[in-house]
Amino acid sequence: MCIDCGCAAPDHHHEETPRKTVRIEEDILAKNNRLAAGNRALFARQGIFSLNLVSSPGSGKTSLLEKTLADLKNEINFAVLEGDQQTANDAERIATTGVPVHQINTGAGCHLDAHMVGHGLEHFDLDSLQILMIENVGNLVCPASFDLGEDFKVSLLSVTEGEDKPLKYPQMFRASEIMLINKVDLLPYVQFDLAKCREYAERVHPGIKIFEISCYRGEGLDAWYSWLKEQAERKACRNKE
Amino acid sequence: MHELGITQSIVEIALRTAEGQQAKKIHSVTLEVGSLAGVVAEALQFCYEACSKESLLEGSRLIIEEVQAQARCRDCAVEYPLTDMLDCCPACGSASGDLFCGEELRIKEMEID
Ligand SMILES: Nc1nc2c(ncn2[C@@H]2O[C@H](COP(=O)(O)OP(=O)(O)OP(=O)(O)O)[C@@H](O)[C@H]2O)c(=O)[nH]1
Ligand SMILES: [Mg+2]
Ligand SMILES: [Zn+2]
Ligand SMILES: [Zn+2]
Ligand SMILES: [Zn+2]
Ligand SMILES: [Zn+2]
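Just so we're clear, the structure is a prediction, and the values are computed from it rather than from any experiment.

What counts, and where the lines are drawn
Residues numbered from 1 in each chain as written. Chains lettered and ligands numbered in written order. Predicted model: local features only at pLDDT ≥ 70, side-chain atom pairs only at ≥ 80, totals over all residues. Heavy atoms only, no water. Helix = DSSP H or I, 4+ residues; strand = E, 2+ residues; numbered from the N terminus. Rg over C-alpha atoms; globule rule 2.2 N^0.38 Å. Buried < 20%, exposed > 50% of the residue type's maximum accessible area, 1.4 Å probe, protein only. Contact = heavy atoms within 4.5 Å. Areas by Shrake-Rupley, 256 points an atom, 1.4 Å probe, with all protein chains shown as cover. Lys, Arg positive; Asp, Glu negative; His and termini not counted. Charge placed at Lys NZ, Arg CZ, Asp CG, Glu CD. Axes fitted to C-alpha atoms, helices over the stretch in contact; angles between N-to-C directions. Parallel < 35°, antiparallel > 145°, perpendicular 65-115°, else oblique. Left-handed = near helix turned anticlockwise from the far one by under 90°. Nonpolar A, V, L, I, M, F, W, Y, C, P; charged D, E, K, R; others polar. Donors = N, O, S within 2.8 Å, 3.2 Å for Na, K, Ca; no water. Near = heavy atom within 4 Å. Polar contact = N/O pair within 3.5 Å; in protein donor to acceptor, adjacent residues only side chain to side chain. Phe/Tyr/Trp six-rings, centres within 6.5 Å; stacked < 30°, edge-to-face > 60°. Tetrahedral: all angles 85-135°; square planar, octahedral: opposite > 155°, others 65-115°. Salt bridge = Lys/Arg side-chain N within 4 Å of Asp/Glu carboxyl O.

**Q** Before we move on, can you summarise the overall build of chain B with the specific residues and values?
**A** Of the regular secondary structure elements, chain B holds 2 helices and 6 strands. When the helices and strands of chain B are listed from N to C terminus, the series reads α-β-α-β-β-β-β-β. By the compact-globule yardstick of 13 Å for 113 residues, chain B is too spread out, its C-alpha radius of gyration being 17 Å. Along the longest, intermediate and shortest principal axes, the C-alpha atoms of chain B span 55 × 30 × 15 Å. Among the 113 residues that make up chain B, the fraction classed as buried is 43%. Long-range pairs, those at least 24 residues apart, make up 70% of the contacts in chain B between residues at least 6 apart in sequence. For chain B, the exposed surface amounts to about 5700 Å²; the carbon and sulfur share of it is 48%. Across chain B, the mean location of the 9 positive side-chain charges is 6 Å away from that of the 20 negative side-chain charges.

What follows is the structure, given as structure tokens:
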């Protein structure tokens with residue numbers, strides 16, 4: 001057998017072409033990282049605080065946004081970018097709160113990238129914007145690798161998903177500065193060990209900030225709101241300096 | 001699928017490089033992929049074949065070199081290979097290791113005429 005191409009013919013020759021090896025050493029995500037840096041610089045100039053919400057499908061990202069916007073929209077100017085593979089359902093839910101929202105449909109794509117977010121921003125008045133919320137596609141895997149230019153990634157985990165999620169998806173919880181444990185109103189009905197969940201999260205990401213919340217009954221949301229307001233204020237001040 | 005987006009970036013970088021080098025043929029493209037980079041080699045191969053159709057990359061080989069993830073223990077400074085992010089230090093048992101390689105996703109080189 002010919003060792004060059006693996007074909008069965010015993011007696012043919014390949015042209016002796018001088019092959020050249022070209023070193024590239026380029027990060028495959030370099031382009032996304034460059035665009036994310038552009039978004040980040042824009043947020044810094046404008047003093048906009050931005051969060052990238054990530055979770056499995058159905059953990060409550062849109063519910064959290066609906067509740068947060070309803071409770072804080074009179075104090076803070078928000079805008080929302082909604083990422084889903086299909087439908088504008090989530091954007092329509094957000095629109096009922098009156099907050100500016102733009103839907104990004106990723107089609108076959110399973111995550112938002114910095115380019116999509118950059119174009120999404122064209123739909124908002126950035127001069128008055130204080131907090132940008134980005135709801136990523138429901139997926140605990142690859143959104144971890146794609147920087148959007150946000151200040152922080154926020155992982156949502158609902159108590160119906162099992163306390164070992166941080167161990168199963170360590171990349172995501174390592175990339176997130178904040179973890180929200182949602183649907184705590186369901187704790188009496190499911191097997192979910194809160195202490196273990198916290199311990200696992202702390203193991204993959206020492207120092208991760210954790211809030212326990214219920215978007216239904218409102219438990220824990222005050223602490224989340226205080227944190228949000230404090231962060232937004234800090235970002236806006238840094239911009240004025 | 002996540003690997004599709006990654007592959008499109010690979011194809012973009014490879015074709016840009018080939019153009020810069022005025023390549024007439026591309027034999028292979030070599031990647032360095034960390035064992036904890038979160039991509040599946042088979043899926044990359046599959047997408048590569050699809051994405052390289054009707055370009056200078058068609059028929060070229062995608063070579064994937066795995067980079068073994070390694071951590072350095074914060075307590076005793078020992079370096080050890082990781083199979084997942086939760087492995088403890090084999091020397092002192094500490095769970096606080098800092099990953100210093102194993103998440104790379106890089107085009108290393110390509111072979112052209
Ligand atoms: N019991 C309970 N249900 C909740 C809570 N928060 C959200 N849900 C329910 O969980 C389901 C999914 O919530 P969504 O807010 O649509 O979740 P999502 O993460 O935006 O989902 P995708 O965008 O599809 O990934 C809905 O039926 C919500 O009513 C909560 O705190 N408690
Ligand atoms: Mg949603
Ligand atoms: Zn041959
Ligand atoms: Zn563009
Ligand atoms: Zn993806
Ligand atoms: Zn050690």
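Having put the structure on the table, let's press on.
**Q** Run through the overall build of chain A, naming residues and quoting values.
**A** Check the secondary structure of chain A and you find 8 helices and 8 strands. The globule rule puts the C-alpha radius of gyration for 241 residues at 18 Å, and the 22 Å found for chain A is more than 25% above it. Along the first, second and third principal axes, the C-alpha atoms of chain A reach 80 × 45 × 35 Å. When the 241 residues of chain A are sorted by exposure, 49% land in the buried category. Side-chain charges of chain A comprise 26 positive and 36 negative groups, with the mean position of each set lying 3 Å from the other.

**Q** Can you tell me about the packing of helix H1 (residues 2-20) of chain B against helix H2 (residues 41-51) of chain B, naming the residues and giving the values?
**A** Residue and element names in this part refer to chain B. The interhelical angle for the contact between H1 and H2, taken along N-to-C directions, is 55 degrees, at an axis separation of 9 Å. The angle between H1 and H2 places the two elements in the oblique class. In this structure, H1 crosses over H2, and the sense of that crossing is right-handed. Of the residues in H2, those in contact with Glu3, Leu4, Ile6, Thr7, Gln8, Ile10 and Val11 of H1 are Ala43, Leu44, Cys47, Tyr48 and Cys51. Residues of the contact of H1 with H2, tallied by class, amount to 9 nonpolar, 2 polar and 1 charged.

**Q** So, the coordination of the zinc ion (ligand 4): which residues are in play, and what are the values?
**A** Ligation of the zinc ion (ligand 4) by protein atoms is provided by A:His115 (NE2) and A:His119 (NE2), these donors lying 2.0 Å from the ion. Residue A:His115 and its partner A:His119 are located together in helix H4 (residues 114-120), separated by 4 residues, close to a single helical turn.

**Q** Break down the site of ligand 1 for me, with residues and values.
**A** All names here are of chain A. For ligand 1, the set of nearby residues contains 20 residues, the closest of which are Lys61, Thr62, Ser63, Asp185 and Cys215. One nitrogen or oxygen atom from the main chain of Gly60 is found 3.0 Å from an oxygen atom belonging to ligand 1. Within the side chain of Lys183, one N or O atom sits 3.0 Å away from an oxygen atom of ligand 1. Notes on ligand 1: free accessible area 660 Å², of which the protein chains cover 76%.

**Q** Lay out the packing of aromatic side chains with the relevant residues and their values.
**A** Residues and elements named next belong to chain A. Following the criterion strictly, the structure yields 6 aromatic pairs over all chains and no others. Judged by centre distance (6.0 Å) and plane angle (70 degrees), the ring pair of Phe49 and Trp227 falls under edge-to-face. Of this pair, Phe49 sits in strand S2 (residues 49-54) while Trp227 sits in helix H8 (residues 221-240), and the two are 178 residues apart along the sequence. The class of Phe49 is buried, set by a relative accessible area of 1%.

**Q** Could you give me a rundown of the coordination of the zinc ion (ligand 6), with the residues and numbers involved?
**A** All names here are of chain B. Bound to the zinc ion (ligand 6) are the protein donor atoms Cys73 (SG), Cys76 (SG), Cys89 (SG) and Cys92 (SG), situated 2.3 to 2.4 Å from the metal. Coordination geometry of the zinc ion (ligand 6): the 4 donor atoms subtend angles of 105 to 115 degrees at the metal centre, consistent with an arrangement described as tetrahedral. The sequence pattern formed by the donor residues of the zinc ion (ligand 6) is C-x2-C-x12-C-x2-C.

**Q** So what about the pattern of salt bridges? Which residues, and what values?
**A** Applying the stated rule across the entire model yields 22 salt bridges over all chains. For A:Arg23, the salt bridge is made with B:Glu109, and the minimal N-O distance between the two is 3.0 Å. You can see A:Arg23 sitting in strand S1 (residues 20-27) and its partner B:Glu109 sitting in strand S6 (residues 105-112), one on each of two chains. The exposure class of A:Arg23 is exposed, given its relative accessible area of 52%. Exposure remark for B:Glu109: the relative accessible area of 17% places this residue in the buried category. The residue B:Arg72 makes a salt bridge to B:Glu79 at a minimum N-O spacing of 2.9 Å. Classification of B:Arg72 as partly exposed rests on a relative accessible area of 36%.

**Q** Before we move on, could you go through unusual backbone geometry and cite the residues and values that matter?
**A** Even without being glycine, A:Thr87 reaches a positive phi, approximately 70 degrees. Here A:Thr87 shows up in the loop between strand S3 (78-84) and helix H3 (89-95). Relative accessible area serves as the criterion here: at 41%, A:Thr87 is assigned to the partly exposed category. Positive phi, normally seen in glycine, also occurs at B:Glu54, with a value near 60 degrees. Overall, the relative accessible area of 77% leaves B:Glu54 in the exposed class.

Fair warning: the whole summary comes from geometry, so function is off the table for now.
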